[in-house]
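Descriptive analysis of the structure
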Amino acid sequence: MRKRTLFRLAAGTVAAGAATLAYASLIERNMFTLRRYDVPVLPTDAEPLRVLHLSDLHMMPDQRRKQDWVASLAALDPDLVVVTGDNMAHPDAVPGVLRALQPLLDLPGAFVFGSNDYTGPVLKNPFTYFLPDREYTEGVPLPYEELRDVFTGAGWVDLNNARTTLKAGGREIELVGVDDPHIERDDYAAVAGPVSTGPALSIALAHSPEPAVLDRMAADGFGLLLAGHTHGGQVCVPGYGALVTNCGLPRSMARGLHRWPGSDSWLHVSAGLGTHPTAPVRFACPPEATVLTLIPR
């Protein structure tokens, strides 16, 4: 009886594990979700402004369902589109990325790149994400310059270690961004400085939400900080949340809207729309895009 019970328990555990894996790989990773937050960063007499935040598409050439869903977001008619990197996961991914984003390219937009815009993903042990000092391994080169040319050709602002202003929603917005801190391409010192007194809104971008970078952006007075990279943990435990963030950000801030500690700034971390192609699973953390409605303080 004891052996039979143990066998049934083992078989049940295997079956539950297989069902969970099937759900995470076949269902939840395709459950594209639109999140909405109100963010009080505007002056008291300002009209609301809507920002569509996209991140971590990790696009493969044949991911038509993802491409169609992202393209459908143009119907939201946002005032500004912000993309915080890791658009590609394959050398032939540019057409798929453009199929997804083409309907949005007519809108004001800004972007920074992530590591998986420069080089492709490589097979790795997922448990290495728990190691804070793991070595970064580059994959095949990706056509990031081709993607950059399309974005900038459409009028989107390249904020990889850059700073500028643009007009969206009938107002001037001050923008700053850094190239990906995760692979040490960031150079905030080159663009640092207090926000200008003219624009009523200031937004800062980074792919990886490294606290050292976010601290400096917030200290300069940028009211809204936008990042991705974490995938929201990608595999989460219900009631506990993300297991890892793959950066210096606390697990409690792995996704969603948070007040940045010690400042008046708000941080939004997108859980992103894709997965690492060698680990195509999501659990308790569906892929997402976010509409941030900026409202008066």
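Up top you'll find the structure we're talking about.
Keep in mind it's a predicted model, so treat the numbers as computed, not measured. (Residues numbered from 1 in each chain as written. Predicted model: local features only at pLDDT ≥ 70, side-chain atom pairs only at ≥ 80, totals over all residues. Heavy atoms only, no water.)

**A word on the packing of helix 3 (residues 94-101) against helix 5 (residues 144-153)**
Put simply, the rule reads: The angle between two axes is taken between their N-to-C directions and runs from 0 to 180 degrees, where each axis is a line fitted to C-alpha atoms and a helix contributes only its stretch in contact. Here a strand is any run of E in DSSP of at least two residues, a helix any run of H or I of at least four, and the numbering for each starts at the N terminus. What sets the label is the angle itself: under 35 degrees gives roughly parallel, over 145 gives roughly antiparallel, 65 to 115 gives roughly perpendicular, and the rest give oblique. By definition, any crossing whose near helix is turned counterclockwise from its far helix by less than a right angle is left-handed, and any crossing with a clockwise turn is right-handed. Only heavy atoms enter the contact rule, under which two residues are in contact if any of them lie within 4.5 Å. Under the grouping applied here, Gly and all other residues not named as nonpolar or charged are polar, the nonpolar ones being Ala, Val, Leu, Ile, Met, Phe, Trp, Tyr, Cys and Pro and the charged ones Asp, Glu, Lys and Arg.
Between helix 3 and helix 5, the shortest axis-to-axis distance is 10 Å and the interhelical angle comes to 25 degrees. Taken together, the axes of helix 3 and helix 5 are roughly parallel relative to one another. With respect to the hand of their crossing, helix 3 and helix 5 are arranged in right-handed fashion. Between helix 3, through Val-94, Val-97, Leu-98 and Leu-101, and helix 5, the contact on the second element is made entirely by Glu-146, Leu-147, Val-150 and Phe-151. Tallied by class, the residues present in the contact of helix 3 with helix 5 amount to 7 nonpolar, no polar and 1 charged.

**Side note on helix 6 (residues 211-219)**
To be explicit about the condition: Throughout, exposure labels follow a simple rule: accessible area from a 1.4 Å probe, protein chains only, divided by the maximum for the residue type, with under 20% read as buried, over 50% as exposed, and the rest as partly exposed. By definition, the arc is the one covered by directions from the helix axis to the C-beta atoms.
Every buried residue of helix 6 is accounted for by Val-213, Leu-214, Met-217 and Ala-218. Angular distribution of buried residues about the axis of helix 6 spans 130 degrees; they occupy a single face of the element. More than 90 degrees from the buried face of helix 6, the exposed residues found are Ala-212 and Ala-219. The elements touched by buried residues of helix 6 are strand 8 (201-205), strand 9 (224-227) and strand 13 (266-269). Taken from the residues just after helix 6, Gly-221 is the one with a positive phi, measuring 100 degrees.

**Remarks on the nonpolar core**
Selection rule: Nine residue types can take part in a nonpolar core, namely buried Ala, Val, Leu, Ile, Met, Phe, Trp, Tyr and Cys, and a core is a set of them joined through side-chain atoms within 4.5 Å.
Counting residues in hydrophobic clusters, the biggest one holds 31 residues, and the most contacted among them are Leu-54, Leu-104, Phe-151, Trp-156 and Leu-273. Mapped onto this core, the elements with two or more residues apiece are strand 2 (49-54), helix 2 (64-72), strand 3 (80-83), helix 3, helix 5 and strand 14 (288-296). Per-element tally for this core: the top contributor is helix 3, with 5 residues. With near-sequence residues (within four places) excluded, Leu-104 lies in contact with Leu-52, Leu-54, Val-70, Leu-73, Ala-74, Val-81 and Trp-156. The next biggest cluster of nonpolar side chains, apart from the first, holds 24 residues, and it includes Val-112, Val-157, Leu-175 and Leu-205.

**Comments concerning the packing of aromatic side chains**
So the rule is basically this: Pairs were defined over the aromatic rings of Phe, Tyr and Trp, the Trp ring being its six-membered one, requiring ring centres within 6.5 Å. Orientation was assigned from the angle between planes: stacked under 30 degrees, edge-to-face over 60, tilted for the rest. Our definition puts a charge over a ring when NZ of Lys or CZ of Arg is within 6 Å of the ring centre and also within 35 degrees of the ring normal.
Evaluated as defined, the whole model comprises 7 aromatic pairs. Through pairs of rings, three or more aromatic residues link up here, namely Phe-111, Phe-113, Tyr-118, Tyr-144, Phe-151 and Trp-156. Here Arg-185 stacks its cationic end above the ring of Tyr-118, 3.7 Å away from the centre of that ring.

**Overview of a nonpolar patch on the surface**
This is how it is decided: Think of a patch as exposed residues, more than 30% relative accessible area, with no salt bridge, where like charges cluster within 9 Å and nonpolar side chains (Val, Leu, Ile, Met, Phe, Trp, Tyr) cluster within 5 Å. For accessible areas, the Shrake-Rupley method is used with a probe of radius 1.4 Å. Any residue's cover is judged against the shown protein chains and nothing else. When a carboxyl oxygen of Asp or Glu lies within 4 Å of a side-chain nitrogen of Lys or Arg, that pair is called a salt bridge.
On the surface, a cluster of nonpolar side chains totalling about 330 Å² of accessible area is made up of Val-235, Val-237, Tyr-240 and Leu-243. Structurally, Val-237 can be placed in strand 10 (residues 236-237).

**Considering the environment of Val-39**
In this structure, Val-39 sits in strand 1 (residues 33-42). Considering only alpha carbons, one finds Val-39 and Leu-294, 255 residues apart in sequence, at a separation of 4.8 Å. Not counting the four nearest positions on each side in its chain, Val-39 is found in contact with Leu-224, Leu-257, Trp-266, Leu-292, Thr-293, Leu-294 and Ile-295.

**Here's the deal with the pattern of salt bridges**
Per the counting criterion, the structure on display carries 7 salt bridges. Linking Asp-68 and Arg-99 is a salt bridge whose minimum nitrogen-to-oxygen distance equals 2.8 Å. With Asp-68 in helix 2 and Arg-99 in helix 3, this pair connects stretches of sequence that are 31 residues apart. Judged by relative accessible area, which is 41%, Asp-68 ranks as partly exposed. Each member of the salt-bridge network shares a partner with another, and the members are Glu-145, Arg-148 and Asp-158.

**Let's talk about the pairing of strand 9**
Note the cut-off: Strand pairing is assigned whenever DSSP identifies at least 2 bridges connecting the two strands. Place the viewer so that the strands point away; then a crossover is right-handed whenever the path from the first strand over the helix to the second strand goes clockwise.
The two faces of strand 9 match: Leu-224 and Leu-226 on one face and Leu-225 and Ala-227 on the other face are all buried. Here strand 8 runs beside strand 9; their pairing, made up of 3 bridges, is parallel. Paired with Ala-204 across the two strands is Leu-225, which belongs to strand 9. On the question of chirality, the crossover connecting strand 8 to the parallel strand 9 by way of helix 6 is right-handed. Note that strand 9 and strand 13 share 4 bridges and pair parallel. In the sheet register, Leu-224 faces strand 13, and the bridge partner there is Trp-266.

**Observations regarding the side chain of His-258**
The line we're drawing: Polar contacts here mean pairs of N or O atoms no more than 3.5 Å apart (in protein, one a potential hydrogen donor and the other a potential acceptor; neighbouring residues in sequence count only if both atoms are side-chain atoms).
Note that His-258 resides in strand 12 (residues 256-259). A relative accessible area of 16% means that His-258 is categorised as buried. Here Arg-255 takes part through its backbone oxygen, which lies 2.8 Å from a polar atom of the side chain of His-258. Ignoring anything within four residues of it in the chain, the contact list for His-258 reads Ser-252, Met-253, Ser-265, Trp-266 and Leu-267.

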